[in-house]
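Here are the chains, one letter per residue:
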Amino acid sequence: MKSLITIDGPAGAGKSTVAHLLAKKLSYLYIDTGAMYRAITYYLIKQGIDYGDSEALKQALEKIDLHFQVIDGASVIFLNGKRCDEEIRQTMVNQHVSPVAKIVAVRLFLKKKQRDLAQSTSSVTEGRDIGTVVLPDADLKIFLTARPEIRAQRRWKELKEKGIDISYSDVLGNVIERDTIDSTRSEAPLRPADDALMVDTSDMSIEEVVNFLYQKAVDDE
Ligand code: C5P
């Protein structure tokens, strides 16, 4: 049984849904690191902080407390004691999150938090650099991908279901733009770990992906 599991991959590959369901099936803690980058971005936007100003950013990070709480079976993020899971999905946050996630001070701040949290118990941690940088010693590293059009389609559907009015082409544009920034940044770029299990979810149902990964997690190889 593997107790330290990582899931990385580009936007819309199905990471959040799959990681949440896999963690539930294994009774592990689910850690959504994208939500942590989003919460920081939301804070900076809301406070009107220029994140290009390193001193202002440093002071802002000192004032940020992030934690997760399980509510109705879902892992919900809290920013300075206030639930912010809906706010962090706003278009404004989508547009700023990758530039914020490029900043070394932000990555260092979150890396420590993510490591401590993941190693405190059995966990499934999801993000972009978890298998490569945050938990390179994980027992099972998964890299989920899917074709860009499929990923944008999934994101668009998700946003529509939440009542967010946005065109498919805008979603596709944002997905491709974020992937480019995430994969080409110098600090902890999005890439599979050398020992990652690659899974293309384009033509798989969520259930198929979760069952496949569950078998990998419980296999004693
Ligand atoms: O997973 P999600 O799409 O919510 O992540 C939002 C953004 O946070 C990503 O596009 C990426 O820029 C950043 N991120 C990251 N490293 C992680 C998780 C997310 O850089 N481990």
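Each remark here, short or long, concerns the structure printed above.
Presented here is an overview of the structure given in this document.

Rules and cut-offs
Residues numbered from 1 in each chain as written. Predicted model: local features only at pLDDT ≥ 70, side-chain atom pairs only at ≥ 80, totals over all residues. Heavy atoms only, no water. Helix = DSSP H or I, 4+ residues; strand = E, 2+ residues; numbered from the N terminus. Rg over C-alpha atoms; globule rule 2.2 N^0.38 Å. Buried < 20%, exposed > 50% of the residue type's maximum accessible area, 1.4 Å probe, protein only. Contact = heavy atoms within 4.5 Å. Areas by Shrake-Rupley, 256 points an atom, 1.4 Å probe, with all protein chains shown as cover. Lys, Arg positive; Asp, Glu negative; His and termini not counted. Charge placed at Lys NZ, Arg CZ, Asp CG, Glu CD. Near = heavy atom within 4 Å. Polar contact = N/O pair within 3.5 Å; in protein donor to acceptor, adjacent residues only side chain to side chain. Nonpolar A, V, L, I, M, F, W, Y, C, P; charged D, E, K, R; others polar. Salt bridge = Lys/Arg side-chain N within 4 Å of Asp/Glu carboxyl O.

Remarks on the overall build of the protein
Counting its secondary structure elements, the protein contains nine helices and eight strands. A globule of 221 residues ought to have a C-alpha radius of gyration of about 17 Å, and the protein, at 17 Å, matches this closely. Along the three orthogonal principal directions, the C-alpha set of the protein runs to about 50 × 40 × 35 Å. With 221 residues in all, the protein has 45% of them scored as buried. Intrachain contacts of the protein at a sequence separation of at least 6 include 72% that bridge at least 24 residues. Total accessible area on the protein is roughly 10,900 Å²; 51% of this is exposed by carbon and sulfur atoms. Mean positive and mean negative side-chain charge positions of the protein (30 and 34 charges, respectively) differ by 2 Å.

Concerning the site of the ligand
Close to the ligand lie 18 residues; Arg 38, Arg 107, Asp 129, Asp 182 and Arg 185 are nearest. Taking Arg 38, its side chain carries an N or O atom lying 2.6 Å from an oxygen atom of the ligand. For the ligand, whose accessible area on its own is 460 Å², the fraction buried by protein is 100%. Contributions of two or more residues to the shell around the ligand are made by α2 (33-46), α4 (91-101), β6 (123-127) and α8 (168-184). When residues of the shell around the ligand are assigned to their parent elements, the largest contribution, four residues, is made by α2. The class makeup of the residues in the shell around the ligand is four nonpolar, four polar and 10 charged.

Description of the pattern of salt bridges
Enumeration according to the criterion identifies 12 salt bridges in this entry. Between Asp 85 and Arg 83 there is a salt bridge, and its shortest N-O distance comes to 2.8 Å. Taking relative accessible area as the criterion, Asp 85 reaches 24% and is therefore assigned partly exposed. The shortest N-O distance in the salt bridge between Glu 161 and Lys 157 comes to 3.9 Å. On the criterion of helical spacing, the pair formed by Glu 161 and Lys 157 is a turn pair, its members being four residues apart in helix α7 (residues 148-161). The residues Glu 161 and Lys 157 share a single accessibility class, namely exposed. Through salt bridges with shared partners, a single network forms among Arg 128, Asp 182 and Arg 185.

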